[in-house]
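# Report on the structure
Listed here are the chains, written in short residue letters.
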Amino acid sequence: MSETTGSPLDPERVAMLEALAQQRYFLLHTVEGLTDDQARLTPTASELCLGGLVKHVALTERGWTDFVEHGSMASGDDADHAAREREFRLLEDETLEEVVALHREVAAHTDELVRTCDLSADHPLPPAPWFRPGERRSARRVFAHILAETAHHTGHADILRESIDGQKSMG
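### Looking at helix H6 (residues 139-165)
- Between its terminal C-alpha atoms H6 stretches 38 Å, which fits the 39 Å expected from 27 residues at 1.5 Å a residue.
- Tucked inside the fold, the buried residues of H6 contact helix H1 (11-29), helix H3 (50-70), helix H5 (96-116) and strand E2 (136-138).

Okay, structure coming up:
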């Protein structure tokens, strides 16, 4: 799959890597210095917690990189509502340190794909109510989606952290 190994990256890849790095920094900055118990708090009207958001972003990103590499999404069944709820929780047998490590591992793999894969390669999307039948998604579009997903949840994380102890990730 490697097309750019050993050569300088083109501006599109550099821009994507920089944008992903910035959003990841802000997301992980929101959990710095928290205990596992604080990372499990749900301090707003939603049921979101910081540890669960980091875990969800990592698992979602891993699902999309599976799609880029294999044309399928190995990350579970969206119809399994109990599994989806667990994905957004930092469970008692999980630590914030573990989900941050998972996030970093997944991010490193994604970055390698951004550097090396054919950005125009595409696959058919799996059947789901939110995808049109027969719709395809390119690697380029997947990476843009990962960036959007990370940025979206970084905003949630900032609100949660500010509700816990007043800290703001961006100001």
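### A short note on the nonpolar core
- Ranked by internal contacts, the top residues of the largest apolar core, which has 17 residues, are Trp-64, Val-68, Val-114, Cys-117, Val-142, Phe-143 and Ile-146.
- Of all the secondary structure elements, the ones that give two or more residues to this core are H1, H3, H5 and H6.
- Per-element tally for this core: the top contributor is H6, with 4 residues.
- Of all hydrophobic cores here, the second largest spans 16 residues; its members include Val-31, Leu-50, Leu-90 and Leu-96.

### Re the environment of Asp-158
- When you line up the elements, Asp-158 lands in helix H6.
- Taking relative accessible area as the criterion, Asp-158 reaches 15% and is therefore assigned buried.
- Here the alpha-carbon distance between Asp-158 and Thr-44, two residues 114 residues apart in the chain, equals 12 Å.

### Observations concerning the pattern of salt bridges
- Evaluation of the coordinates by the stated rule reveals 13 salt bridges.
- One salt bridge connects Arg-13 with Asp-10, and the closest N-O pair in it is separated by 3.0 Å.
- Taking the relative accessible area as the measure of exposure, Arg-13 reaches 2% and is therefore buried.
- The structure contains a network of salt bridges with shared partners spanning Arg-24, Glu-61 and Asp-111.

### Quick word on the side chain of Ser-138
- Examined against the element boundaries, Ser-138 turns out to sit in strand E2.
- At a separation of 3.1 Å, a polar atom in the side chain of Ser-138 contacts the main-chain amide nitrogen of Arg-141.
- Not counting residues up to four positions away in its chain, the partners in contact with Ser-138 are Leu-119, Ser-120, Ala-121 and Asp-122.

### Quick look at H5
- Over its 21 residues, H5 extends 30 Å from the first C-alpha to the last, a length consistent with the 30 Å expected when each residue adds 1.5 Å.
- In this structure, the buried residues of H5 make contact with H1, helix H2 (36-40), H3 and H6.

### Here's the deal with the packing of aromatic side chains
- Scanning the entire structure with this criterion turns up 4 aromatic pairs.
- With 5.5 Å between their ring centres and 80° between their planes, Trp-64 and Phe-67 make a pair best called edge-to-face. With Trp-64 and Phe-67 both in helix H3, this residue pair falls 3 residues apart, about one helical turn.
- Assessed through its relative accessible area of 6%, Trp-64 is described here as buried.
- Ring centres 6.3 Å apart and planes at 75° place the aromatic pair Trp-64 and Phe-131 in the edge-to-face group. Of this pair, Trp-64 sits in helix H3 while Phe-131 is found in the loop between strand E1 (122-124) and E2, placing the two residues 67 residues apart along the sequence. Each member of the pair, Trp-64 together with Phe-131, is buried.
- Counting every residue linked through ring pairs, the aromatic cluster contains Trp-64, Phe-67, Trp-130 and Phe-131.

Criteria and thresholds
Residues numbered from 1 in each chain as written. Predicted model: local features only at pLDDT ≥ 70, side-chain atom pairs only at ≥ 80, totals over all residues. Heavy atoms only, no water. Helix = DSSP H or I, 4+ residues; strand = E, 2+ residues; numbered from the N terminus. Expected span 1.5 Å × (residues − 1). Contact = heavy atoms within 4.5 Å. Core = buried A, V, L, I, M, F, W, Y, C linked by side-chain atoms within 4.5 Å. Buried < 20%, exposed > 50% of the residue type's maximum accessible area, 1.4 Å probe, protein only. Salt bridge = Lys/Arg side-chain N within 4 Å of Asp/Glu carboxyl O. Polar contact = N/O pair within 3.5 Å; in protein donor to acceptor, adjacent residues only side chain to side chain. Phe/Tyr/Trp six-rings, centres within 6.5 Å; stacked < 30°, edge-to-face > 60°.

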